[in-house]
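Chain residues, written in single-letter form:
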Amino acid sequence: MYVDEVLKKVNARDPDQPEFLQAVDEVFVSLADFIEENPQYQKANILERVAEPDRTFIFRVPWETDDGEVMVDRGIRVQFNNAIGPYKGGIRFHPSVDLSIVKFLGFEQIFKNALTTLPMGGAKGGSDFDPKGKSNAEVMRFCQSFMAELYKYIGPDVDVPAGDIGVGAREIGYMFGAYKRIRNEFTGVLTGKNRDWGGSHIRPEATGYGAVYFADEMLKTRGDSLDGKVCLISGSGNVAQYTAEKLIQLGAEPVTLSDSSGFIYDAEGVDEDKLAFVMELKNVRRGRIEEYAREFSSAKYTATDPTLDHNPMWAVEAACAFPSATQNEINGKDAEHMVKNGVFVISEGANMPTTPEGVEVFLEAKILYGPGKAANAGGVSVSGLEMSQNSLRLFWTRQEVDERLRGIMAAIHEQCMMYGYDEKSNYTNYVKGANVAGFKKVADAMLDQGLV
Ligand code: NDP
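Our subject in this report is the structure included herewith. Everything quoted here is computed from the prediction, not taken from an experiment. All chains use their own residue numbering, which begins from 1 and follows the written sequence. Whole-chain, interface and lining totals are the exception, using all residues; otherwise, since this is a predicted model, local features are given only for residues with pLDDT of at least 70 and side-chain atom pairs are given and counted only at 80 or more. Here the side-chain values reflect all heavy atoms present in the structure, with hydrogen atoms and water set aside.

### Focus: the overall build of the chain
Counting secondary structure elements, the chain contains 17 helices and 15 strands. Over its C-alpha trace the chain gives a radius of gyration of 21 Å, about what one expects of a compact globule, namely 22 Å for 452 residues. Exposure categories follow from relative accessible area, calculated using a 1.4 Å probe and restricted to protein chains: below 20% of the type maximum is buried, above 50% is exposed, and the middle band is partly exposed. Residues counted as buried form 57% of the 452 residues belonging to the chain. Contacts spanning at least 24 positions in sequence make up 71% of the contacts within the chain whose residues lie at least 6 apart. Total accessible area computed for the chain in this model is approximately 18500 Å², and 49% of it derives from carbon and sulfur atoms. Numbering of helices and strands runs from the N terminus, with a helix taken as a DSSP run of H or I at least four residues long and a strand as a DSSP run of E at least two residues long. Radius of gyration: C-alpha atoms only; globule rule: 2.2 Å multiplied by the number of residues to the exponent 0.38. A contact between two residues is defined here by any heavy atoms of the two lying within 4.5 Å. Computed with the Shrake-Rupley method and a 1.4 Å probe, the accessible areas treat only the protein chains shown as cover for residues.

What follows is the structure, given as C-alpha cells:
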C-alpha cells in the first residue's frame, strides 16, 4: 500500500529521528483511507514530498558566559512547507533539542497551521541552549548570536518564528532587537512580541485559552460544559498558566501543575490568587513548582521518580486533562490510569504529549480526545493575527482578538468533525479529523502549484 511504502522510505532515510518518525507515522496512518479514496495525491506522490522539508539550516551559536567562558550551542531551523503561506513556527530552547525534535515539531506545524484557516506554512527551530539558570545578560548574548545567523533565512514574508519551550517574551525581545539592528528594519519578523512594540493582545494567553476553548467545543457535542469539572494540567509554563486561568474563569477546577522536577496536587484547586503566585514564581523568579506546596498547605508535592514506568500525576481522579509540558509525557499506562480514574476530556496544549500507545487507549475508550495539532493551534492562530496587525500597522482590541480566537477554535473543531465523525459509532476521531482536514488543504495547494 502507498502509505506503507512511503513510511518505509521515510524510516529508512532518517532511522535516527524517533520523534520525527513518530509524528509522520501518526499522520500517515490516519490518512490511509482518505488517500485511497483520492488517488490524485498518490499520483503526485504528495506523501513523500510533504515528509521532506523544503530546507534545513544547522548552525553554530557561540556565546560568552558572565565569567568569560566561551560556549558553543547548535542552532536549527527547519522550513518544512510553504504551500499555503510563509513559513511559521516557534523556536525552542531546551537541552533536548535536536534535528529529530525540530523536524517532528515542524511537520506537525504544517497541518496545524492549515487547520487555523489562516495562510501560514510550517516550520520550526531551536537550540540545545538551556536558558535555565542563566543570567539575563547571558540569555541576551545567546539570542543575539543565534539571530546573527538566523536572520539570513527569515523575514516577514518568508519565515516568521515565534516562541515555544524556553522562549518567551524575554527571548523574543532580544531576538527581535538583534534582527532589527542587523537588517535595520522594523517588521513583523517574529510573533509573541511585547504589546508595546508590535505584539498582539491575547498572544501570551492564546495557546492555553485555545486549548480550553477546544475542550469546551468537544464537551458541547455531548451537551456538557467545563463548569465544575476537576482538571489535570501538566507543566507550569506559558501554556499551563493560561490554561489554568481560562479554566478558572469558566468555573472549572485545576488541581495539578508540574515542572520537570515534580508535580503539585492541590485538593482545594488552583484559584486566581494561587495562579498569580505561580506566574510570579515561574515568570519573574524562575523558581521550581515545589515552592507552591511550601506556600499553600492544601497542596502536596511529589518529586519526579525516573524509576517509575508511569507518572502518578496522571492517576489523580479528574474529568479533564490538559497536558501542557512536552512530548511523550503520557504513555500507555498513564492513559489507562486516566481513563480508569474518570478522565473523559483531553485537550493537548503541548505538542505530541501522548505516545502512540496512549493515543490508542484514548481512541478505544471513545473519550473526547483533542490532539495537539487541533487543540493547541490557538497560539499560532493569534500569531497569524499578530502578523495581520503588523502588516496593517493596526492594533485590534483584546476583545476583538479573543473573539477571533474563539471563532478559529470553533472552526478547527468543525473541520475535525467534518473528517473525523463516524455516524455508525456516533464518535468523533479528532486525530483523523485534524490530520485529514489539515492535509487536504496543504496537499491541494501543492497540486495547484506543480512539482516544486
Ligand atoms: P514553557 O517553557 O513556558 O514551559 C514548559 C513547561 O513544561 C515547564 O513547566 C517545563 O518545566 C515543562 N517541561 C519542559 N520540558 C520538559 C521535560 N522534558 N520534562 C518535563 N517537563 C518539561 O513552554 P510552553 O508552555 O510554551 O510550551 C509547553 C508545550 O506547549 C510544548 O510542548 C510546546 O511545544 C507547546 N506549545 C506551545 C505554544 C506556545 O504558544 N508557547 C504553542 C503550541 C504548542 P521545567 O521548567 O522544569 O523545564
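### Notes on the side chain of Ser258
Its location among the elements puts Ser258 in strand β8 (residues 256-259). Polar side-chain contacts of Ser258 include one of 2.7 Å to the backbone nitrogen of Gly235. Ser258 has contacts with Ile233, Ser234, Gly235, Ser236, Phe263, Ile289 and Met313, leaving out every residue within four places of it along the chain. By the criterion applied in these results, polar contacts are pairs of N or O atoms within 3.5 Å in which, for protein atoms, one can donate a hydrogen and the other can accept it, and in which residues neighboring in sequence qualify only through two side-chain atoms.

### A closer look at the site of the ligand
The cutoff for a nearby residue is simple: one of its non-hydrogen atoms must lie within 4 Å of the molecule or strand. Lining the immediate surroundings of the ligand are 24 residues, of which Asp164, Thr207, Ser260, Arg288 and Asn351 lie closest. For the ligand, an oxygen atom lies 2.8 Å from a polar atom in the side chain of Asn351. Taken by itself the ligand offers 880 Å² of open surface, and the protein chains cover 83% of this. Listing elements by their share of the shell around the ligand, those giving two or more residues are α8 (203-220), α9 (238-249) and β8. Its residues assigned to classes, the shell around the ligand shows four nonpolar, 14 polar and six charged. Domain borders in the structure are assigned automatically or taken from a domain database. Both domain 2 (54-197) and domain 3 (206-375) contribute no fewer than three residues apiece to the shell around the ligand. Polar here means any residue outside two lists: the nonpolar Ala, Val, Leu, Ile, Met, Phe, Trp, Tyr, Cys and Pro, and the charged Asp, Glu, Lys and Arg; Gly therefore counts as polar.

### A closer look at the pairing of strand β1 (residues 55-64)
Strand direction decides the pairing type here: β1 and strand β2 (residues 70-81), joined by 10 bridges, are antiparallel. Bridging from a neighbouring strand, Glu64 pairs with Val70 of β2. Two strands make a pair as long as DSSP finds a minimum of two bridges between them.

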